[in-house]
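Notes for the structure review
Chain by chain, the residues:
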Amino acid sequence: PQGLAFNTDGTKMFVVGSSGDDVNEYACDAFDVSSCVFTDAFPVSDQETVPQGLAFNTDGTKMFVVGSTGDDVNEYACTTGFDVSSCGFTDAFSVAAQETFPEGLAFNTDGTKMFVVGAVGNNVYEYACEAFDVDTCGFTDAFSVQDEDTSPRGLAFNTDGTKMFVIGDDGQDVNE
């Protein structure tokens, strides 16, 4: 397993991994992983054979998967929010000009900013986008995390975006 996401109330958990080529969906009691039960899987192998990270828009009608084979962020439209069985591929955005081994993915709350972290550049890359539409994204900035970790794997933000957290393989810790 490489990437993890929850729906807004924690009743669904989603996991991607570097060898499964799919997004696995689990039903849970609110944010209680001990109660989670596998419900479905959605294959992403046509777009990405080494999925590393995933994210959803706020209502779950869009799912995003990043991986190190395609060096891109893949966008999927879901007819039912947070239900992988209702998703279909819509678009992809290459991040290869900035990162050739992308592993983590996050959005701000309205989807106008997308962030990607990877193990080659040791940076968090920022992209400006129209609300959760990868086709409209453009690179804007990079922030080095090399002093904290030379193999960053994932990232997250607090709700208002004033704190960023990066987890890494080298330091085996969470950096704030």
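That block above? That's the structure.
Okay, so let's go over this structure. Residue positions are given per chain, counting from 1 as you read along its sequence in written order. pLDDT decides what is reported in this predicted model: residues at 70 or higher carry local features, side-chain atom pairs at 80 or more are listed and counted, and totals for whole chains, interfaces and linings draw on all residues regardless. Calculation of side-chain values draws on the structure's entire complement of heavy atoms; hydrogens and water are dropped beforehand.

1. Some details on the sheet that holds strand S1 (residues 3-6)
Here, a strand pair is defined by DSSP locating no fewer than two bridges between the strands. Numbered from the N terminus, helices here are DSSP runs of H or I no shorter than four residues, and strands are runs of E no shorter than two. Taking strand neighbours across the sheet as the criterion, the 4 strands line up as S1-S2-S3-S4 in an open arrangement whose pairing is antiparallel. The outermost strands of the open sheet, each flanked by one partner alone, are S1 and strand S4 (32-43). Taken over all neighbouring pairs, the strand axes of this sheet differ in orientation by 25 degrees on average, direction set aside. Between N-to-C directions, angles span 0 to 180 degrees; the directions come from axes that are lines fitted to C-alpha atoms, helices contributing only their stretch in contact.

2. Quick notes on the side chain of serine 151
With respect to the secondary-structure elements, serine 151 resides in the loop between strand S12 (133-144) and strand S13 (152-157). Using a relative accessible area of 12% as the deciding quantity, one classes serine 151 as buried. Between N or O atoms, a polar contact is any pair within 3.5 Å; within protein, one atom must be a potential hydrogen donor and the other a potential acceptor, and residues adjacent in sequence are included only when both atoms are from side chains. A distance of 3.1 Å separates a polar atom in the side chain of serine 151 from a polar atom in the side chain of arginine 153. Burial classes follow relative accessibility: with a 1.4 Å probe on protein chains only, a residue under 20% of its type's maximum area counts as buried, one over 50% as exposed, and anything between as partly exposed.

3. Focus: the sheet that holds strand S8 (residues 87-94)
Taken together, 4 strands build an open sheet; the order of strands is S5-S6-S7-S8 and the sheet is antiparallel. The two strands at the open ends of the sheet, each matched to only one other strand, are strand S5 (51-56) and S8. The average undirected angle you get between the axes of adjacent strands in this sheet is 25 degrees. With 6 bridges connecting them, strand S6 (residues 62-67) and strand S7 (residues 72-78) associate as antiparallel partners. Looking across to S7, one finds that phenylalanine 64 is bridged to glutamate 75.

4. A closer look at the environment of aspartate 22
The residue aspartate 22 is located in strand S3 (residues 22-29) in this model. The class of aspartate 22 is buried, set by a relative accessible area of 17%. Between the alpha carbons of aspartate 22 and alanine 106 there is a distance of 19 Å; along the sequence they are 84 residues apart. In contact with aspartate 22, other than residues within four places in its own chain, are Val15, Val16, Gly17, Ala41, Phe42, Pro43, Val44 and Pro51. Of the polar contacts made by the side chain of aspartate 22, one reaches the side chain of asparagine 24; its length is 3.2 Å. Between two residues, a contact is recorded if the distance between any of their heavy atoms is within 4.5 Å.

5. Structural notes on the packing of aromatic side chains
Two rings from Phe, Tyr or Trp (for Trp, the six-membered ring) form a pair when their centres sit within 6.5 Å of each other. Planes less than 30 degrees apart are called stacked, planes more than 60 degrees apart edge-to-face, and all others tilted. Across all of its chains, the model carries 14 aromatic pairs by this definition. With a centroid separation of 5.4 Å and an interplanar angle of 85 degrees, the aromatic rings of phenylalanine 42 and tyrosine 76 are classed as edge-to-face. One end of the pair, phenylalanine 42, is in strand S4; the other, tyrosine 76, is in strand S7, with 34 residues separating them in the sequence. There is no split in this pair, since phenylalanine 42 and tyrosine 76 are both buried. Ring centres of phenylalanine 107 and phenylalanine 132 lie 5.2 Å apart, and the angle between their planes is 45 degrees; on these two criteria the pair is classed as tilted.

6. Side note on unusual backbone geometry
Despite not being glycine, aspartate 21 has its phi angle at roughly 55 degrees, a positive value. Counting through the fold element by element, aspartate 21 comes out in the loop between strand S2 (12-16) and S3. A relative accessible area of 21% means that aspartate 21 is categorised as partly exposed. Phi is positive for aspartate 71, close to 55 degrees, though the residue is something other than glycine. With respect to the helices, strands and loops of the structure, aspartate 71 is situated in the loop between S6 and S7.

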